[in-house]
Amino acid sequence: MTNDNASDHAPRVNFAKAAPKAFKALIGFDAAAREGLDPALVELVQIRSSQLNGCAYCLHMHTADARKAGESEERLHMVAVWREAAHFFTPEERAALDLAEAVTLVSQGGVSDEVYARAAAHFDEATLARLLALIFTINTWNRIAISTAKVPGTDERVAR
């Protein structure tokens with residue numbers, strides 16, 4: 001059996017240093033997406049997409065951010081099974097988590113009209129657009145972290 005831990009890989013490209021314009025553009029897109037969104041909702045969405053994508057680096061980062069923002073351990077443990085633990089989450093959070101799953105797993109059937117309508121029932125058009133942008137950005141960050149073998153627990157961000 002092969003041990004495929006990120007620490008076992010040869011060093012990979014440092015995306016931020018090698019593509020600074022692209023990195024800076026993504027930082028700006030991410031900031032614009034978050035604007036006006038509930039910080040707890042932001043973290044829940046980022047956690048769920050990171051779980052689905054198998055991005056340990058981002059999952060570690062966003063669960064830590066959620067804790068710093070006051071999120072309970074109980075709810076953090078329930079994100080992966082939010083449908084079965086629906087009572088832990090508000091209707092808006094459930095709609096956002098459902099949308100995050102559909103967009104993250106878009107190749108497995110797209111975003112159904114039902115999922116989209118449920119999100120649209122809870123968020124005005126501008127908020128829904130920013131929520132979608134947030135989901136796009138976390139999926140991009142997940143792909144960067146996984147592709148470049150970022151090691152969980154080595155968050156290099158400057159405090160936001």
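The numbers attached to residues start from 1 for each chain and follow its sequence in the written order. With pLDDT at 70 or above as the cut-off, local features in this predicted model cover only qualifying residues; side-chain atom pairs require 80 or more to be listed or tallied, and sums for whole chains, interfaces and linings still use all residues. Side-chain metrics in this entry use all non-hydrogen atoms of the structure; hydrogen atoms and water are not considered.

**Q** How would you explain the overall build of the protein if you had to name every residue and give the values?
**A** When helices and strands are counted, the protein shows 8 helices and 0 strands. The way it works is that DSSP assigns letters per residue, a run of H or I at least four long becomes a helix, a run of E at least two long becomes a strand, and they are numbered from the N terminus. When the elements of the protein are put in sequence order from the N terminus, they spell out α-α-α-α-α-α-α-α. For the radius of gyration, the atoms used are the C-alpha atoms, and the globule rule reads 2.2 Å times the number of residues raised to 0.38. Over its C-alpha trace the protein gives a radius of gyration of 16 Å, about what one expects of a compact globule, namely 15 Å for 160 residues. Dimensions along the principal axes, computed over C-alpha positions, put the protein at roughly 45 × 35 × 35 Å. Using a 1.4 Å probe on the protein chains alone, a residue whose accessible area is under 20% of its type maximum counts as buried, one over 50% counts as exposed, and one in between counts as partly exposed. In the protein, buried positions account for 38% of the 160 residues. Within the protein, counting contacts between residues at least 6 apart in sequence, those at least 24 apart form 68% of the total. Any two residues having at least one pair of non-hydrogen atoms within 4.5 Å are treated as being in contact.

**Q** Give a detailed account of the pattern of salt bridges, specifying residues and quantitative values.
**A** What counts as a salt bridge is simple: a side-chain nitrogen of Lys or Arg found within 4 Å of a carboxyl oxygen of Asp or Glu. Enumeration according to the criterion identifies 9 salt bridges in this entry. Among the ionic pairs, E114 bridges to R118, the shortest N-O distance being 3.5 Å. Remark: R118 and E114 occur in helix α7 (residues 113–122); sequence separation between them is 4 residues, near one turn of the helix. A relative accessible area of 33% places R118 in the partly exposed class. Three or more residues are tied together by salt bridges with common partners; here these are R48, R83, D98, E101, E114 and R118.

**Q** Requested: an account of the packing of helix α6 (residues 91–104) against helix α8 (residues 125–147), with residues and values cited.
**A** To define axes, lines are fitted to C-alpha atoms, for helices over the stretch in contact only, and angles between the resulting N-to-C directions are given on a 0 to 180 degree scale. For the pair α6 and α8, the least separation of the axes is 10 Å and the interaxial angle reads 50°. As far as their axial angle goes, α8 and α6 are oblique. α8 is crossed by α6, and the crossing has right-handed handedness. Contacts from A96, L99, A100, V103 and T104 in α6 reach L128, L131, L132, I135, F136, N139 and R143 in α8. Every angle not falling under 35 degrees, over 145, or within 65 to 115 is termed oblique; those three ranges are roughly parallel, roughly antiparallel and roughly perpendicular. Should the near helix be turned counterclockwise from the far one by less than a right angle, the crossing is left-handed, whereas a clockwise turn marks it as right-handed.

**Q** With reference to specific residues and values, describe unusual backbone geometry.
**A** For A149, which is not a glycine, the phi torsion comes out positive at approximately 55°. Relative to the helices and strands, A149 resides in the segment after α8.

**Q** Describe the side chain of T148, naming the residues involved and giving the relevant values.
**A** For T148, the location among the structural elements is in the segment after α8. Whenever a nitrogen or oxygen atom comes within 3.5 Å of another N or O atom, the pair is scored as a polar contact, on the condition that within protein one atom can donate a hydrogen and the other can accept it, and that pairs from neighbouring residues in sequence are kept only if both atoms are in side chains. Engagement of the side chain of T148 in a polar contact is seen with the backbone oxygen of I144, the distance being 2.7 Å. Ignoring anything within four residues of it in the chain, the contact list for T148 reads R12, V13 and F15.

**Q** Explain the side chain of T63 to me, and be specific about the residues and the numbers.
**A** Note that T63 resides in helix α4 (residues 56–68). Relative accessible area serves as the criterion here: at 14%, T63 is assigned to the buried category. From its side chain, T63 meets the backbone oxygen of L59 in a polar contact 2.8 Å long. The contacts of T63, once residues within four sequence positions are left out, are I47 and L76.

The values reported here are purely geometric and, on their own, carry no functional implication.
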